[in-house]
Amino acid sequence: MNAPEPELHRLAAARGAPRWAERPWFATLGAPLARPVAPLGLPAPHWVVRNGSLAAELGLADWLQGDAALQLLAGNAQPRGGTWATVYSGHQFGVWAGQLGDGRALLLGEIETAQGPFELQIKGAGRTPYSRMGDGRAVLRSSIREYLCSEAMAGLGIPTTRALALVGSPLAVRREEIESAAVVTRVAPSFLRFGHFEHFAHSEPDTAALRALADAAIARFFAALAGGPRPYEALLAEVARRTAHLLAQWQAVGFCHGVMNTDNMSLLGLTIDYGPFGFLDAFEPGHVCNHSDSEGRYAWARQPGVALWNLHALAYALAPLVGGPEQARAALEGYESAFGDAFGAALAAKLGLRALAGCEEQDRTLADDLLQRMAADRADFSITFRRLAGFVSAPDAANEALRDLFVDRAAFDAWARRYAERLRAESSIDAERGARMCRVNPKYVLRNHLAETAIRRARAGDFAEVQRLARLLERPYDEQPEHEADAGFAPEWAASLEVSCSS
Ligand code: AMP
Ligand code: MG
């Protein structure tokens, strides 16, 4: 059914309401980057899930209880300063796609909080001047995935945009089938993407706008680089460094983004735009989580290389500011070693190894050999590392629960002997090491089947499972015995789940 369109009204003051910045920073850039666009809200909106912890951090806990918040976050009201859409372009699956966003996300503005300023964005509140053929809407299914994974990543300690709330509505939206509309509210220091810069370099070459954007971004988010001799090269190098760290963290928890187009890359090094993502179940380095990715461009093992490719697209866009593509490319030189060091350190932590002088290379080989064994036997990524935390290093220990994950037991035993020897070399104490490892090897990750179960219930009007998962994933490293089932292997039916770009 198609409910009548709600009326847009200005917000009356509400208790504990957000303190909106007089003029958000992106608005100061004005056209062609940002344009005021009024939302087309959701009829008969209702809460699906609200993020009490984040609201408390931002000082919005009381406000988020009320109807004023519901109407604002459904797109049925505007803050005093209005709402904005920003335009960006990008490369999709390695091909220049021109202007492609933002056709359905509106910036509500910028709020002042005890943690500093944050941008608030609602996704799915109607068409914008940049919507192309799209309807400007988002469906409940994909919005639940975005909400849950934003918060799962935050729980894992991985840089990400956050989700404050999810509002549903009976409004019908056509995708492969008819679904219902939803709006997710996202929060981040900024939603700036590589694609914002590419827009001015490719679609409508406009060096003045590009420079204004780069200067504003540096002044606001990379203040330490301002006033240096080569600020744009420094910006590229810093974005490369942050991206390398982000990718190391993705790889270390078996996260696959699914659609690493350049427009889905955050300038601040945050995970952004959760669509057809996946967490590894049985370990397969070539795992492709996005059903629309027929060539496997965004397979798990390829992600670090793709990130560098995307950084090159950003560098190419900034080339006019640094004297040419060669200079721009040179600014990215640190990426590969930054990634290698960060991923090496993450793997050592996953194995519970403390740095031993001269052991770095040997430790990396030990970790790589484990990954190779896991891949050969398709051992579950998260479960293997979590069980490794319980590894007993005594020579006669059987380590059965861990060993059972491997088909080639002899090969595992050989690896386990090397691991035990390495642990003895640093006089590792099993209990201590295990506790440390449990803080980096999550027990709970948002596997597809968990999200899917929550989605099916939500589509039937029951949001309790979405809310339960959101709470569970706030503490993914903690034992939560009442949720033991969520830490298990993916059920057989999960193999037939297909997630795609449809959202
Ligand atoms: P995505 O592949 O989801 O990152 O989408 C790329 C861009 O396409 C987004 O930034 C949006 O601006 C735009 N887009 C996606 N879906 C829609 C839609 N239903 N209506 C308008 N624009 C859309
Ligand atoms: Mg996107």
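You'll find the structure just up there.
The sections below set out a description of the structure shown in this document. All of these numbers come straight from a predicted model, not from anything done at the bench. (Residues numbered from 1 in each chain as written. Chains lettered and ligands numbered in written order. Predicted model: local features only at pLDDT ≥ 70, side-chain atom pairs only at ≥ 80, totals over all residues. Heavy atoms only, no water.)

## A look at the site of ligand 1
The criterion, for reference: When we say a residue is near a molecule or strand, we mean one of its heavy atoms is within 4 Å of it. A 3.5 Å cut-off defines polar contacts: any pair of N or O atoms within that distance qualifies, except that in protein one atom must be a possible hydrogen donor and the other a possible acceptor, and neighbouring residues in sequence count only when both atoms are side-chain atoms. All accessibility values rest on the Shrake-Rupley procedure with a 1.4 Å probe; residue burial counts only the protein chains present in the view. The nonpolar class holds Ala, Val, Leu, Ile, Met, Phe, Trp, Tyr, Cys and Pro. Asp, Glu, Lys and Arg form the charged class, and all remaining residues, Gly among them, are polar. All the domain ranges listed were derived from an automatic or database domain assignment.
In the vicinity of ligand 1 lie 16 residues, with Tyr88, Gly101, Gly103, Asp135 and Gly136 positioned nearest. Tyrosine 88 is positioned such that a nitrogen or oxygen atom in its side chain is 2.4 Å from an oxygen atom of ligand 1. The backbone of glycine 136 places a nitrogen or oxygen atom 2.7 Å from a nitrogen atom of ligand 1. In the complex, the protein chains occlude 82% of the 480 Å² of accessible area that ligand 1 would expose alone. Each residue belonging to the shell around ligand 1 can be placed in one class, and the counts come to two nonpolar, six polar and eight charged. Here the shell around ligand 1 spans two domains, since at least three of its residues come from each of domain 1 (5-191) and domain 2 (196-344).

## Observations regarding the coordination of the magnesium ion (ligand 2)
The criterion, for reference: Coordinating N, O and S atoms are those within 2.8 Å of the metal (3.2 Å for Na, K and Ca), and as water is not part of the atoms, a site may appear to have fewer donors than expected. Each residue gets one of three labels from its accessible area relative to the maximum for its type: buried under 20%, exposed over 50%, partly exposed in between, using a 1.4 Å probe on protein chains only.
Summarising the metal site, the magnesium ion (ligand 2) is bound by the protein donors Asn264 (OD1) and Asp273 (OD), whose distances to it range over 2.0 to 2.1 Å. Residue asparagine 264 shares its accessibility class with aspartate 273, and that shared class is buried.

## Here's the deal with the pairing of strand 9 (residues 105-113)
We apply this condition: Only DSSP runs of H or I with at least four residues qualify as helices, and only runs of E with at least two residues qualify as strands; both kinds are numbered from the N terminus onward. Note: two strands are recorded as paired if DSSP finds a minimum of 2 bridges between them.
Counting buried residues in strand 9 gives eight out of nine residues, a clear majority hidden from the surface. In this sheet, strand 9 lies alongside strand 2 (residues 19-20) in antiparallel orientation, the contact comprising two bridges. Counterpart to tryptophan 20 in the pairing with strand 9 is isoleucine 111. Bridge count between strand 9 and strand 10 (residues 116-123): eight bridges; the pairing is antiparallel. Counted as the bridge partner of alanine 105 is lysine 123 from strand 10.

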